[in-house]
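Secondary and tertiary structure notes
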Amino acid sequence: MTIHFDNSYARLPEQFYTRQVAAPVPEPELVRLNAPLAADLGLDADWLASPAGVAMLAGNAFPDNAAPLSMAYAGHQFGNWVPQLGDGRALLIGEVIDVHGARRDIQLKGSGPTPWSRRGDGRAALGPVLREYVVSEAMAALGVPTTRALAAVTTGEHVIREDRLPGGVLTRVAASHIRVGTFQYFYARQDHEALRALADHVIDRHYPEARETDNPFAAMLEGVIARQARLIARWLSLGFIHGVMNTDNMTLSGETIDYGPCAFLDEYDPQKVFSSIDQFGRYAYGNQPSIGHWNLANLAQSLVPLLDDDGDKAVETAKDLLEGYGTAFADAYAAEMAAKIGIAAPRDDDMTLAQDLLKLMAAGGADFTNTFRALSALGRKAGDADDGFLGQLIEPDAAGQWLAAWRNRLSEEMRDDAGRIAAMKATNPAIIARNHQVEKAIAAGYAGDFSVFHALTEALADPFADRSADDTLTLPPAPDQVVHQTFCGT
Ligand code: AMP
Ligand code: MG
């Protein structure tokens, strides 16, 4: 089997990365292979599952034309500047052109130490590997731009964390792994030549249309801002909390990356934080839009040397583009919320209607996913199904009034009930990667039983279909199942 790698990143100047071989692991075993994704990448799933394929997925042996490397980047972690981060436990094995003609990175995560590992061991415990697999694939099925999971393997060795844990390696696929922190790395070094080479690479790869404009670098920045605004609006619409939106965890491609202490809301609480290391709620659910802006401001600053030869003008351009973020996010979020409440032709006041519902939900800690899914099933006329929705809310009078206002608004729409219900069900998932189910899959995996992980992954592949009434995967956690904290993905 040959994989037709075409490694464009490896052709960039040498300060962009370190060439690297992985550190072999004793006994790699495949836990799960994503066969549909393999097919999309033009890879042979049977070969990937064979001993030679698993050796590659574990970092033990690479095809000849792979160019394994670990990438350089810097970043702000919780607002603190770290001039050098880089791939401390990741290895880009190469890029392939998928069957749709798109360039995709194939990267191992947990494949051993690199020159960027600092004090880390370059390894990953099995739990975070399973979490990233389940959640990133769930996000993809929900239609969210995201990195994907091609495979998870166990290594046959243990890693030392708070406990001694079985190790794993995740194979991640991304449009690219270039981050805001990659630009910051070269900006901080005042290496403007590298900055330009990186921006050219990003334009070729992700924003080719920017080439046709007067200022391609400005157009690229504008494109990143637009994609991130839409991405974060989409996260909010699904109750997703990234948990560690450091600038090194924000991509130029607009894909969600780095599923560490991420979580989905069960009860709706706009200030919800799960991550154990997020002491001040910097990355709380409702703070994500403003943190997105903060991160993009750092990207804009890093691009100033490219935006104009005149420094003042360059700063002006950066500022103007950044100002567009607020509107881009507000528009994207309004569109998401209008779709969630089933409005086909949104008006300005629909946001108030959506917000009134969110307020009711927050007051009683309504289940975010199930409330919108229950709403999706309701007709224009009151009926038995109303109870499923009203039962999620604690203030019956206010909830009833909201429902009446919503139906009133629907009566001004052209779309019939059947069309609206179908659209709402294609927007409001029946199933999300609930934190307690993910934890359950991880706990079983540590005990050597991957059936829970497989079942959960498969259920999440089709999140908009109606589930059977006795499906426990759609239920919020019982009090003793609630996950209060999530942890970093190391
Ligand atoms: P992340 O939590 O994935 O955003 O990682 C932040 C930084 O820590 C990156 O530079 C990682 O490469 C590095 N890092 C995280 N875990 C490890 C590990 N086990 N060994 C070495 N470096 C790590
Ligand atoms: Mg990271």
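Looking at the overall build of the protein chain
Helix and strand content of the protein chain: 16 helices and twelve strands. Computed over the C-alpha atoms, the radius of gyration of the protein chain is 23 Å, within 12% of the 23 Å expected from 2.2 N^0.38 for a compact globule of 490 residues. Summarising its shape, the C-alpha atoms of the protein chain cover approximately 65 × 60 × 40 Å along the three principal directions. Among the 490 residues that make up the protein chain, the fraction classed as buried is 57%. Sequence-distant contacts in the protein chain: of pairs separated by 6 or more residues, those separated by 24 or more amount to 72%. As displayed, the protein chain has an accessible area near 19500 Å², and 52% of this comes from carbon and sulfur atoms. When the 41 positive and 64 negative side-chain charges of the protein chain are each reduced to one mean point, those points stand 1 Å apart.

Points about the domain arrangement of the protein chain
On domain assignment, one finds that the protein chain holds domain 1 (9-180) and domain 2 (343-425). Taken over C-alpha atoms, the centre of domain 1 sits 42 Å from the centre of domain 2.

Overview of the packing of aromatic side chains
Aromatic ring pairs are defined here through the distance separating the ring centres and the angle between the ring planes. In total, this model carries 17 aromatic pairs according to the counting rule given. Between tryptophan 235 and phenylalanine 240 the ring centres are 5.5 Å apart and the planes differ by 65°, which places this aromatic pair in the edge-to-face class. Note on accessibility: tryptophan 235 and phenylalanine 240 belong to one class, buried. When the ring centre of tyrosine 73 is taken as origin, the NZ or CZ atom of arginine 179, which lies over that ring, is 4.2 Å away. Directly above the aromatic system of tyrosine 185 lies the positively charged group of arginine 189, at a separation of 3.6 Å from the ring centroid.

Comments concerning the nonpolar core
Counting 121 residues, the largest nonpolar core has Tyr9, Phe183, Met220, Ile341, Leu375, Trp402 and Trp406 as the members making the most contacts within it. Considering each element in turn, this core owes the most residues, 14 residues, to helix H7 (residues 216-238). A domain-level breakdown of this core finds at least three residues from each of domain 1 (9-180) and domain 2 (343-425). Once you skip the residues sitting within four places of it in the chain, tryptophan 406 turns out to touch Ile341, Leu353, Leu375, Leu378, Gly379, Arg420 and Met424.

Brief notes about the pattern of salt bridges
The full count for this structure, using the stated rule, is 33 salt bridges. With a closest N to O distance of 3.2 Å, arginine 11 and aspartate 6 form a salt bridge. Residue class for arginine 11 comes out exposed when judged on its relative accessible area of 57%. Put simply, arginine 434 and aspartate 367 hold a salt bridge, and the shortest N to O gap is 2.8 Å. In this pair, arginine 434 is assigned in the loop between helix H14 (417-425) and helix H15 (435-446) and aspartate 367 in the loop between helix H10 (350-364) and helix H11 (368-376), connecting sequence segments 67 residues apart. A residue is classified by how much of its surface remains accessible, and arginine 434, at 1% relative accessible area, is buried.

Let's talk about the pairing of strand S7 (residues 103-109)
Extensive coverage of S7 is indicated by the burial of six of its seven residues. Counting the residues in the hairpin turn of strand S6 (residues 90-97) and S7 gives five residues, including glycine 101, whose phi is positive at 90°. As defined by bridge partners, S7 adjoins strand S10 (residues 164-174) across five bridges and the pair is classed as antiparallel. Looking across to S10, one finds that lysine 109 is bridged to leucine 170.

Side note on H15
Residues spaced three or four apart along an α-helix point in a common direction, a consequence of the helix completing one turn every 3.6 residues. In a regular helix each residue adds 1.5 Å, so twelve residues correspond to 16 Å; H15 covers 17 Å between its end C-alpha atoms and thus fits that length. Buried within H15 we find Asn435, His436, Gln437, Val438, Ala441, Ile442, Ala444 and Gly445. Buried residues in H15 make contact with helix H4 (126-141), strand S12 (263-264) and helix H16 (451-460). Glycine 448, located one to two residues past H15, shows a positive phi value of around 90°.

Quick notes on the packing of helix H6 (residues 192-206) against H7
In the contact formed by H6 and H7, the axes pass within 10 Å of each other and the chain directions differ by 60°. When the axis of H6 is compared with that of H7, the two are oblique. Of the two possible hands of crossing, H6 and H7 adopt the one that is left-handed. Between H6 and H7, the contacting residues are Arg196, Ala199, Asp200, Val202, Ile203 and His206 on the first element and Pro216, Phe217, Met220 and Arg227 on the second. Grouping the amino acids of the contact of H6 with H7 by side-chain chemistry returns six nonpolar, one polar and three charged.

What about the environment of leucine 130?
Looking at the element boundaries, leucine 130 is found in helix H4. Separated by 19 residues in sequence, leucine 130 and alanine 149 have C-alpha atoms that sit 9.6 Å apart. Sequence-distant contacts of leucine 130, that is, excluding residues within four places in its chain, are made with Val31, Ala441, Ile442, Gly445, Phe450 and Phe453.

Thoughts on the coordination of the magnesium ion (ligand 2)
For the magnesium ion (ligand 2), the full set of protein donor atoms is Asn249 (OD1) and Asp258 (OD), at a range of 1.8 to 2.1 Å. One exposure class covers both asparagine 249 and aspartate 258, and it is buried.

Some thoughts on helix H8 (residues 288-307)
The end-to-end C-alpha distance of H8, which contains 20 residues, comes to 27 Å, matching closely the 28 Å that a straight helix rising 1.5 Å per residue would cover. The largest bend in H8 amounts to roughly 30° and is located at glutamine 301, with the proline proline 305 lying one to four residues further along. H8 sits mainly inside the fold: 14 of its 20 residues count as buried.

Side note on the packing of helix H5 (residues 180-188) against H8
In the contact formed by H5 and H8, the axes pass within 9 Å of each other and the chain directions differ by 40°. As the angle between them shows, H5 and H8 are arranged oblique. Viewed along their axes, H5 and H8 form a crossing whose handedness is left-handed. Contact with H5, carried on its side by Val180, Phe183, Gln184 and Tyr187, involves Asn295, Asn298, Leu299, Gln301, Ser302, Leu303 and Pro305 of H8 and no other residues of that element. For the contact of H5 with H8, the residue count by class is six nonpolar, five polar and no charged.

Reading the values: the criteria
Residues numbered from 1 in each chain as written. Chains lettered and ligands numbered in written order. Predicted model: local features only at pLDDT ≥ 70, side-chain atom pairs only at ≥ 80, totals over all residues. Heavy atoms only, no water. Helix = DSSP H or I, 4+ residues; strand = E, 2+ residues; numbered from the N terminus. Rg over C-alpha atoms; globule rule 2.2 N^0.38 Å. Buried < 20%, exposed > 50% of the residue type's maximum accessible area, 1.4 Å probe, protein only. Contact = heavy atoms within 4.5 Å. Areas by Shrake-Rupley, 256 points an atom, 1.4 Å probe, with all protein chains shown as cover. Lys, Arg positive; Asp, Glu negative; His and termini not counted. Charge placed at Lys NZ, Arg CZ, Asp CG, Glu CD. Domains from an automatic or database assignment. Phe/Tyr/Trp six-rings, centres within 6.5 Å; stacked < 30°, edge-to-face > 60°. Lys NZ or Arg CZ within 6 Å of the ring centre and 35° of its normal. Core = buried A, V, L, I, M, F, W, Y, C linked by side-chain atoms within 4.5 Å. Salt bridge = Lys/Arg side-chain N within 4 Å of Asp/Glu carboxyl O. Pairing = 2+ DSSP bridges. Expected span 1.5 Å × (residues − 1). Axes fitted to C-alpha atoms, helices over the stretch in contact; angles between N-to-C directions. Parallel < 35°, antiparallel > 145°, perpendicular 65-115°, else oblique. Left-handed = near helix turned anticlockwise from the far one by under 90°. Nonpolar A, V, L, I, M, F, W, Y, C, P; charged D, E, K, R; others polar. Donors = N, O, S within 2.8 Å, 3.2 Å for Na, K, Ca; no water. Bend = angle between axes of the 7 residues up to and from the residue.

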